[in-house]
Amino acid sequence: MTATSTDRTSGQYWHDRAASVRPETRLFIGGRFVEASSGGRFRTVNPATRQVLAEVAQGTAKDVDLAVAAARKAFRGGSWSRIKPRARMDVLYKAARLIEQHADDLSLLDCMDMGKPISEMIGIDLPATVLTFQFFAETIDKIEGAVTNTGPSALHLITREPLGVVGCVVPWNYPLLMTAWKVAPALAAGNSVVLKPAEQSPLSALLLAKLLAEAGVPEGVFNVVNGHGEDAGRALGLHMDVDKIAFTGSTEVGKLMMVYAGQSNMKRVSTECGGKSPQIILRDVGNLDTAVEYAVNGIFGNQGEVCCAGSRLLVHETLADDFVERFRAKAAESFRPGDPLDPSTTMGPLVTEEQQKRVLGYIESGKSDGAKLVLGGAVPVGLDRGFYVAPTLFAGVKSSMKIAREEIFGPVGAVIPFRDPAEATRIANDTIYGLAASIWTSDLTTAHKLARDVEAGIVWVNCYDHGDMTMPFGGYKQSGQGRDKCFEAVLANTQTKSIWIHLGN
Ligand code: NAD
């Protein structure tokens, strides 16, 4: 890629680069870029312009077979699974450095593929991806077994071994980062990987494949098969020689992955799925402006296409009107939909026309169910060239309404008033999901009580979306059963082996 402008803070710089992007579009199998065995291709579209960005090789079950065979061969060969921990660490550290060096190219690909503002890619997704590879590199020589306290006639060792071939199936909302959350711990543990990116955002994974190879990941250890979920994704889920599916995506498909495992070889399945996370703003909230700011970011960041979006705003009834007024002002100041390649843009289009229609459909349902539309609610004026939806807020929402029950996955917040903490807890838990929640209060006892009672994998107190790599990221209930990030994630890519040595009497 060449660029004429060198000022990374200017839209011109990113447009120049975008004009010269020639992304890799083939599959990556056995250390080589190859065409799909059927010769098929599918289009990926820039959601900001509706223009075709690339035609990508469309992998099918046959390509999944080839990738799994390459992965298994590499695993058995030991070029990655059996090397010294330090050697594997060096490669993943180098991968992190290469990702950092190619920050602009990787950012551009995700920005153009799924509509995320370039400023978010550069400021959030990229550094988080680099950190993910660094963190899991660091875990490698910390994976330990145990010697248990047996009687004198035996020595019992419990060792941890990699699983074998891990299939990673990921969504489009953070294409590179969600890939890193799955792939880095699987590789760190010594597995081989077959990655199936989302068909809406297939490009950055191919550049990642190139960088991992350059970093020294041996051939066959990391493979990418782009293709459709019901075809390539299903084939990976049903494959008899895949030991684990690490899945991030919708609850519906997460359940299918568990069915596939039952129908095939009982492979392990970890799922990170949808959410409908509550932000509970109590009457004794310390600083309402701070809570409002987090609430706005929690639902409008990444166009609301965030699994842990704080989409249900549970606000004490005495604060609700004030909250809505401040929310509208803050949203207008902070989120301006526009060209994702312009670094001043804070909100891009939704990923596809289908997603845009889905979100607009939820807005109609909110109106017809009697919720009060107080912000947005339509395609922003002048932006009908892309799949945009304006930042939207409903007030006076009841927990029984569809907009309070279903994951919208778009920039639509719902203010639900409550009377007391007990009612807030009941509403917060009145959902099939349980990914995240937040509690805003100045009372320590209330914070602890609610944090204990809210059914969610992550509870933030007086903040939202904070954390670091040590924080297990995953849900309760139908938000899934896996945990990304954290040391537990690398262990979930291993299995224990008991070695019982009889020492005589
Ligand atoms: P999705 O479930 O439609 O797709 C996810 C992946 O599954 C894609 O790669 C897709 O091709 C594949 N897939 C689709 N149908 C399949 C099938 N029948 N068999 C096998 N594979 C199939 O989800 P999405 O629309 O890409 O992503 C949005 C969802 O992801 C939201 O529900 C969001 O909450 C969730 N998500 C969760 C987390 C988390 O950590 N909990 C993080 C990001 C996104």
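Note that the coordinates shown come from a computational prediction; the quantities given were computed from them, not determined experimentally.

The rules behind these values
- Residues numbered from 1 in each chain as written.
- Predicted model: local features only at pLDDT ≥ 70, side-chain atom pairs only at ≥ 80, totals over all residues.
- Heavy atoms only, no water.
- Pairing = 2+ DSSP bridges.
- Helix = DSSP H or I, 4+ residues; strand = E, 2+ residues; numbered from the N terminus.
- Axes fitted to C-alpha atoms, helices over the stretch in contact; angles between N-to-C directions.
- Contact = heavy atoms within 4.5 Å.
- Buried < 20%, exposed > 50% of the residue type's maximum accessible area, 1.4 Å probe, protein only.
- Right-handed = clockwise from strand over helix to strand, strands pointing away.
- Near = heavy atom within 4 Å.
- Polar contact = N/O pair within 3.5 Å; in protein donor to acceptor, adjacent residues only side chain to side chain.
- Areas by Shrake-Rupley, 256 points an atom, 1.4 Å probe, with all protein chains shown as cover.
- Nonpolar A, V, L, I, M, F, W, Y, C, P; charged D, E, K, R; others polar.
- Domains from an automatic or database assignment.
- Salt bridge = Lys/Arg side-chain N within 4 Å of Asp/Glu carboxyl O.
- Buried area = accessible area lost by both parts, 1.4 Å probe.

1. Looking at the sheet that holds strand β13 (residues 312-316)
Spatially, β14-β15-β16-β13-β12-β17-β18 is the arrangement adopted by the seven strands of the open sheet, whose pairing is mixed. Of all strands in the sheet, those with a lone pairing partner are β14 (372-375) and β18 (458-461), marking the two edges. Sheet twist, expressed as the average angle between the axes of neighbouring strands with direction ignored, equals 20°. Relative to strand β17 (residues 436-440), strand β12 (residues 278-281) runs parallel, the two sharing three bridges. Each residue of the ladder has a partner; that of Gln279, found in β17, is Ser438. Its contacts with the sheet place helix α12 (residues 353-368) against β14, β15 (392-395) and β16 (412-418), and it is angled at close to 20° to β15. Strand contacts of helix α15 (residues 444-453): β12, β17 and β18, with the helix running at about 165° to β17, the strand carrying the most contacts.

2. Here's the deal with the pairing of strand β11 (residues 268-272)
Counting buried residues in β11 gives four out of five residues, a clear majority hidden from the surface. Alignment of strand β10 (residues 244-248) against β11, held across five bridges, turns out to be parallel. Bridging across to β11, Ile245 finds its partner in Val269. Where the polypeptide runs from β10 across helix α9 (residues 251-263) and back to β11, its parallel neighbour, the crossover connection is right-handed.

3. Some points on the site of the ligand
Taken together, the neighbourhood of the ligand is formed by 30 residues, with Val170, Lys196, Glu199, Ser250 and Glu407 sitting nearest. The side chain of Glu199 places a nitrogen or oxygen atom 2.5 Å from an oxygen atom of the ligand. A distance of 3.3 Å is found between a nitrogen atom of the ligand and a backbone nitrogen or oxygen belonging to Gly229. A total of 850 Å² of accessible area belongs to the ligand in isolation, and the protein chains cover 91% of it. At the level of secondary structure, the elements contributing two or more residues to the shell around the ligand comprise α8 (229-238), β10 and α9. Residues belonging to the shell around the ligand are distributed by class as follows: 17 nonpolar, seven polar and six charged. Three or more residues apiece are contributed to the shell around the ligand by two domains, here domain 1 (11-273 + 483-496) and domain 2 (278-469).

4. Here we look at the side chain of Thr494
Relative to the assigned elements, Thr494 resides in strand β19 (residues 494-502). Exposure remark for Thr494: the relative accessible area of 7% places this residue in the buried category. A distance of 2.9 Å separates polar atoms of two side chains, one belonging to Thr494 and the other to Arg160. In this structure the side chain of Thr494 is engaged in a polar contact, spanning 2.6 Å, whose partner is the backbone oxygen of Leu491. Among residues more than four places away in sequence, those in contact with Thr494 are Arg160, Glu161, Pro162, Leu163 and Ala189.

5. As for the pattern of salt bridges
Counted under the stated rule, the structure contains 24 salt bridges. Here Glu55 ties to Arg43 by a salt bridge, and the two come within 3.0 Å at their closest N and O atoms. In this pair, Glu55 sits in strand β4 (residues 52-57) while Arg43 sits in strand β3 (residues 41-45), placing the two residues twelve residues apart along the sequence. Given the relative accessible area of 37%, Glu55 is considered partly exposed. We note a salt bridge from Asp289 to Arg326, for which the minimum N-O separation is 3.0 Å.

6. Points about the pairing of β17
With five of five residues buried, β17 lies mostly within the body of the structure. Relative to β18, β17 runs parallel, the two sharing four bridges. Bridge pairing links Ser438 to Trp460 in β18. Handedness of the crossover is the feature at issue here: the chain leaves β17, passes through α15, returns alongside β18, and the resulting connection is right-handed.

7. Points about the domain arrangement of the protein
Taken domain by domain, the protein holds domain 1 (11-273 + 483-496) and domain 2 (278-469). Taken together, the contact pairs 31 residues of domain 1 with 32 residues of domain 2. Approximately 2500 Å² of surface area, both sides summed, lies buried where domain 1 meets domain 2, with 60% of it carried by carbon and sulfur atoms. By the criterion of area lost to domain 2, the three top residues of domain 1 are Ala48, Arg50 and Trp172, representing 22% of everything that side buries.

8. Regarding unusual backbone geometry
Non-glycine residue Phe409 carries a positive phi angle of around 60°. At Lys485, a position not held by glycine, the phi torsion is positive, near 55°. In this structure Lys485 comes out as buried when scored by relative accessible area, which is 11%.

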